[in-house]
Amino acid sequence: SQHQLNVTTFNASAMAIISLQTFAGIWINAFMVSVLCLAWVRKKSPNSNEKILLFLGCSRFGYLCITWVYFFILKIYPSCFNVSPMQPLLVAIESFFNCSNLWVSAFLSVFYCIKIANFRHSFFIHLKVKIDRIVPWVLLGSVLLSLGLGILIYKTNDEALSDKINCTIIGNLWKENTDIRQHFFSLYVIIGFVFATAFTAVISSALLLLFSLWRHKHKMQTKSVNNISMDAHIKAMKYILSFLCIYSINFICLVLLLIYSLKNMKNQDVMMLLIAVFRHAFPAVHSLILIFSNPKLEKTLLRTLSCVKCKVCMRQ
């Protein structure tokens, strides 16, 4: 029928868009991880910034891979989700990588604020001195927090799926919807709190860093400092604003995803596709910004692209 043809066309288009975004994001994050790992092997002692970028790239690589697998099964083989461990396990793994991605990217913003900003408060100065020692513990804490959230999500989804099967067997559809909402409401409150905490950390650190850079830029203007230093501060402010913008869009998409999932509304495929497009764009776009804000990564990327371009031209 025409409806089935439209659904098939929509699913094919959705798969093509998500697959293209996933491939780009995987390539970008794999490049960042490989460059940092090679640098780690050579000098044996990565700095704190490289540790955070390496962990962030790994979490985003895993997130993009598992979300593509989940989306592929959902659109092509949705009957696989009727098997009890499949759907809860995929959702739990996706949530683990997504939580790691959000927390570490938020901590990266806080790290840049502490390292770059210039405030004379004693607590801020203490953080600036101790931040390099804190980084490994924060990364370990983000893994444990993400793991705990993933386990909680797995148990909740598994219990909800069991209740759904039991309610379907006895034919009580109203009880099915009520039990599922009761299972997920408290979980969504916890997830929303985690997302809001990470977003608050990003907003606060970005605004503090922008204020510090703007104040420093104003001082340099009054003292007529050379244009090179001025350009560096303006470039840093642009990177912070761009990150703040895409992180805000990603946070809005996550909130909309929670709302639509909780309400379980019909005919929401278009909105869910838009949310998925923006969510898959965030790991790729932000990692690309991080690459261009790091001179070593930027230089390696441009050199790699030039080599690829030369090889393509030689083949032609």
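These figures come from a predicted structure and were not determined experimentally. (Residues numbered from 1 in each chain as written. Predicted model: local features only at pLDDT ≥ 70, side-chain atom pairs only at ≥ 80, totals over all residues. Heavy atoms only, no water.)

1. Some words on the overall build of the protein
Selection criterion: Where helices and strands are cited, they refer to DSSP runs of H or I of at least four residues and of E of at least two residues respectively, numbered from the N terminus. Contacts: residue pairs with any heavy atoms within 4.5 Å of one another. In short, Shrake-Rupley with a 1.4 Å probe defines the accessible areas, and a residue's cover is counted only from the protein chains shown.
Helix and strand counts for the protein come out as 8 helices and 0 strands. For the protein, the α and β elements follow one another from N to C terminus as α-α-α-α-α-α-α-α. Contacts in the protein between residues far apart in sequence, at least 24 positions, make up 77% of those at least 6 positions apart. Roughly 18100 Å² of accessible area belongs to the protein as shown, and the carbon and sulfur atoms make up 70% of that amount.

2. Side note on the nonpolar core
Note that soluble globular proteins tend to have their nonpolar side chains buried in a common cluster. Rules: Throughout, nonpolar core names a set of buried Ala, Val, Leu, Ile, Met, Phe, Trp, Tyr and Cys residues whose side chains join them through atoms within 4.5 Å. Relative accessibility thresholds used throughout: buried, under 20% of the residue-type maximum; exposed, over 50%; partly exposed, between the two (1.4 Å probe, protein chains only).
Residues Ile52, Ile191, Phe195, Tyr247, Ile291 and Leu297 are the most contacted members of the largest nonpolar core, which totals 60 residues. Of all elements in the fold, only helix 1 (2–43), helix 2 (48–76), helix 3 (86–116), helix 4 (122–170), helix 5 (173–222), helix 6 (227–263), helix 7 (269–293) and helix 8 (295–315) reach the threshold of two or more residues within this core. When residues of this core are assigned to their parent elements, the largest contribution, 12 residues, is made by helix 5. For Leu297, the residues in contact, after removing those within four places along its chain, are Phe31, Met32, Val35, Leu36, Leu53, Leu290 and Ile291. Core analysis: the second largest hydrophobic core is formed by 6 residues, Ala14, Met15, Phe71 and Ala276 among them.

3. Description of the UniProt feature "transmembrane region" (unreviewed entry) in the protein
How we decide: UniProt positions are given in the numbering used here, feature names are shortened, and annotations may be inferred rather than shown by experiment.
Under the UniProt annotation, "transmembrane region" (unreviewed entry) lies at residues 12–41, 53–77, 89–114, 134–154, 185–214, 239–260 and 272–293. With 96% helix and 0% strand, the stretch residues 53–77 has end C-alpha atoms that lie 35 Å from each other. The annotated region residues 89–114 carries 100% helix and 0% strand content, and the separation between its end C-alpha atoms amounts to 37 Å.

4. Structural notes on the environment of Gly141
Along the chain, Gly141 falls in helix 4. When its relative accessible area of 32% is taken as the criterion, Gly141 is described as partly exposed. When the C-alpha atoms of Gly141 and Trp103 are compared, they prove to be 9.7 Å apart, with 38 residues separating the residues in sequence.

5. Here we look at the packing of aromatic side chains
Any aromatic ring pair is given by two values, namely how distant the centres are and how the planes are angled relative to each other. Defined as follows: In summary, the pairing rule links any two rings of Phe, Tyr or Trp, Trp by its six-membered ring, whose centres are within 6.5 Å, and it sorts them by plane angle into stacked for under 30 degrees, edge-to-face for over 60 and tilted for everything else.
Enumeration over the complete set of coordinates arrives at 7 aromatic pairs. Residues Phe199 and Phe251 carry aromatic rings whose centres are separated by 4.3 Å and whose planes lie at 5 degrees to one another, so their mutual orientation is stacked. With Phe199 in helix 5 and Phe251 in helix 6, the pair connects residues that are 52 residues apart, well separated along the chain. Centre to centre, the rings of Tyr247 and Phe282 are 5.6 Å apart; their planes meet at 80 degrees, and the pair counts as edge-to-face. With a gap of 35 residues between them, Tyr247 in helix 6 and Phe282 in helix 7 connect regions that are remote in the sequence. Look at Tyr247 and you get buried, because its relative accessible area is 2%.

6. Thoughts on the pattern of salt bridges
Going by this rule: Whenever Lys or Arg places a side-chain nitrogen within 4 Å of a carboxyl oxygen from Asp or Glu, that contact is recorded as a salt bridge.
Here the structure, examined in full by the defined rule, presents 3 salt bridges. Of the charged contacts in the structure, one is a salt bridge between Lys296 and Glu50, with a shortest N-O distance of 2.5 Å. Residue Lys296 is found in helix 8, and its partner Glu50 is found in helix 2; the two are separated by 246 residues along the sequence. Of the residues examined, Lys296 reaches a relative accessible area of 34% and is grouped as partly exposed. With its nearest N and O atoms 3.3 Å apart, the salt bridge here joins Asp132 to Lys115. Of this pair, Asp132 sits in helix 4 while Lys115 sits in helix 3; the two residues are 17 residues apart in sequence, bridging distant segments of the chain.

7. Some words on a nonpolar patch on the surface
The test is simple: Each patch groups residues whose relative accessible area exceeds 30% and which form no salt bridge, using 9 Å between like charges and 5 Å between nonpolar side chains of Val, Leu, Ile, Met, Phe, Trp and Tyr.
On the surface, Ile249, Ile252, Val255, Leu256, Ile259, Val270, Met271, Leu274 and Phe278 cluster together into a nonpolar patch covering about 710 Å² of accessible area. Those elements that provide at least two residues to the nonpolar patch are helix 6 and helix 7. The element best represented in the nonpolar patch is helix 6, accounting for 5 residues. In this fold, Met271 is placed in helix 7.

8. Some points on the environment of Asn47
On the secondary structure map, Asn47 appears in the loop between helix 1 and helix 2. The spatial distance from the C-alpha of Asn47 to the C-alpha of Asp132 is 8.1 Å, given a sequence separation of 85 residues.

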